[in-house]
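Here's the letter readout for the chains.
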Amino acid sequence: MNIKDRIAAIKPAQYFKKANLHVHSSYSDGKFNFQELVEQAKMLGLCHVAICDHNTVEGWRNFNWQDYDFLIPAVEFDCFYKGTLLHILGYGINPDNEDLLNICAKSKKETSYDLVRLFKSRHPKTVIEAIHNAGGIAVFAHPCCCWVINLDSFTKSLKAIGLDGIEVYYPYNRHRGIIKFHSRKKIKDLALKHNLLMTGGTDEHESLIKQL
């Protein structure tokens with residue numbers, strides 16, 4: 001099953017008890033390493049897990065992820081587009097793809113520190129093309145936090161440059177809840193309108209067990 005079909009087959013009710021497609025490890029700004037997160041996922045009986053570190057795939061390159069059928073290789077890139085910051089998730093990517101590695105962080109600071117990541121932001125077209133070249137799909141992360149008045153037009157323009165999906169099932173906890181500018185219902189409506197794949201995850205930076 002290809003990555004698009006696999007994610008499309010995840011039912012809304014499976015988020016977040018059986019599927020979590022937005023998790024961070026210590027390779028970026030998460031607390032736990034890959035092995036610890038995998039053990040937590042096994043303990044919870046998760047069927048689909050994507051560790052999406054900021055601007056890096058080094059965790060995937062240094063872990064035998066092929067041994068775990070519930071894992072989905074992923075990454076999250078910081079982007080700047082039409083005067084606003086946004087994040088693009090890549091799912092089902094080949095972590096060894098040269099095009100993808102070329103746009104990845106060159107230092108630990110570019111994966112962990114907000115200010116450094118801000119100044120190293122990429123153009124989403126470049127990111128989406130690299131994700132596609134790596135065999136993956138590109139997804140607009142936590143869109144309710146995107147500071148744009150016309151999110152419909154913004155999403156349409158991203159779709160025009162190759163966007164495949166949008167993160168609909170997302171809890172908006174912590175600071176994400178404070179800077180939320182749009183409703184989750186609006187995001188689902190946009191996904192349906194623009195024929196975008198719907199994904200979801202907790203954006204967990206600590207323990208999966210604590211979050212779920």
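See the structure shown above.
This is a predicted model, so every value here is computed, not measured.

Caption draft 1: Spotlight on the overall build of the chain. Along the chain, the regular secondary structure elements total 11 helices and 7 strands. Taking 212 residues into account, the globule formula puts the C-alpha radius of gyration at 17 Å, and the chain, at 16 Å, falls close to it. With respect to the principal axes defined by its C-alpha atoms, the chain has extents near 40 × 40 × 35 Å. Each of the 212 residues in the chain was classed as buried or not, and the buried ones make up 56%. Considering only intrachain contacts with a sequence separation of at least 6, the fraction spanning at least 24 residues in the chain is 74%. On the chain, roughly 9,700 Å² of surface is accessible, and the fraction owed to carbon and sulfur atoms is 53%.

Caption draft 2: Structural context of the sheet that holds strand S4 (residues 84–91). Strand order across the open sheet formed by 5 strands is S3-S4-S5-S6-S7, with mixed pairing between neighbours. Whereas interior strands pair on both sides, the edge strands pair on one side only; in this sheet they are strand S3 (74–81) and strand S7 (197–200). Each neighbouring strand pair of the sheet contributes to a mean axis angle of 40°, computed without reference to strand direction. In this structure, S4 lies alongside strand S5 (residues 137–140), joined through 4 bridges in antiparallel fashion.

Caption draft 3: Representation of a nonpolar patch on the surface in the model. A contiguous nonpolar patch, built from Phe80, Leu85, Leu118 and Phe119 and spanning about 420 Å² of accessible area, is present on the exposed surface. Assignment of secondary structure puts leucine 118 in helix H6 (residues 114–119).

Caption draft 4: Structural view of the state of the cysteines. Scanning the model with the defined rule gives 0 disulfides in all. Between cysteine 79, a cysteine without a disulfide, and cysteine 146, which holds the nearest cysteine sulfur, the sulfur-to-sulfur distance is 10 Å. We classify cysteine 79 as buried; its relative accessible area is 0%. Distance from the sulfur of cysteine 144, which forms no disulfide, to the nearest cysteine sulfur (cysteine 145) is 6.7 Å.

Caption draft 5: Just the packing of helix H8 (residues 151–160) against helix H10 (residues 184–193), in detail. Put simply, H8 and H10 touch, their axes get as near as 11 Å, and they point 40° apart. Comparing the axis directions of H8 and H10 gives the class oblique. Judged by the sense of rotation from one axis to the other, the crossing of H8 with H10 is right-handed. For the pair H8 and H10, contact is made by Leu151, Asp152 and Thr155 and by Lys186, Ile187, Leu190 and Lys193, respectively. Of the residues in the contact of H8 with H10, the class split is 3 nonpolar, 1 polar and 3 charged.

Caption draft 6: Just the nonpolar core, in detail. Core analysis: the largest hydrophobic core is formed by 50 residues, its most contacted members being Phe77, Leu86, Ile88, Tyr91, Phe140 and Phe154. If sequence neighbours within four positions are ignored, phenylalanine 154 has contacts with Tyr81, Lys82, Thr84, Leu86, Phe140, Cys146 and Val148. Core analysis: the second largest hydrophobic core is formed by 16 residues, Val23, Phe34, Phe70 and Leu208 among them.

Caption draft 7: Structural context of the packing of aromatic side chains. Throughout the structure, instances matching the rule amount to 9 aromatic pairs. The structure contains a cluster of three or more aromatic residues connected by ring pairs, namely Tyr27, Phe34, Trp60, Phe63, Trp65, Tyr68 and Phe70.

Caption draft 8: Representation of H10 in the model. For H10, the complete set of buried residues consists of Ile187, Leu190 and Ala191. In an axial view of H10, the angular spread of the buried residues amounts to 100°, which keeps them on one side of the axis. Relative to its buried face, H10 has exposed residues pointing more than 90 degrees away, namely Lys185, Leu192 and Lys193. Buried residues along H10 sit in contact with H8, strand S6 (165–169) and S7. Asparagine 195, located one to two residues past H10, shows a positive phi value of around 55°.

Calculation notes
- Residues numbered from 1 in each chain as written.
- Predicted model: local features only at pLDDT ≥ 70, side-chain atom pairs only at ≥ 80, totals over all residues.
- Heavy atoms only, no water.
- Helix = DSSP H or I, 4+ residues; strand = E, 2+ residues; numbered from the N terminus.
- Rg over C-alpha atoms; globule rule 2.2 N^0.38 Å.
- Buried < 20%, exposed > 50% of the residue type's maximum accessible area, 1.4 Å probe, protein only.
- Contact = heavy atoms within 4.5 Å.
- Areas by Shrake-Rupley, 256 points an atom, 1.4 Å probe, with all protein chains shown as cover.
- Pairing = 2+ DSSP bridges.
- Axes fitted to C-alpha atoms, helices over the stretch in contact; angles between N-to-C directions.
- Patch = residues over 30% accessible without salt bridge, like charges linked within 9 Å, V, L, I, M, F, W, Y side chains within 5 Å.
- Salt bridge = Lys/Arg side-chain N within 4 Å of Asp/Glu carboxyl O.
- Disulfide = S-S within 2.5 Å.
- Parallel < 35°, antiparallel > 145°, perpendicular 65-115°, else oblique.
- Left-handed = near helix turned anticlockwise from the far one by under 90°.
- Nonpolar A, V, L, I, M, F, W, Y, C, P; charged D, E, K, R; others polar.
- Core = buried A, V, L, I, M, F, W, Y, C linked by side-chain atoms within 4.5 Å.
- Phe/Tyr/Trp six-rings, centres within 6.5 Å; stacked < 30°, edge-to-face > 60°.
- Arc of directions from axis to C-beta.

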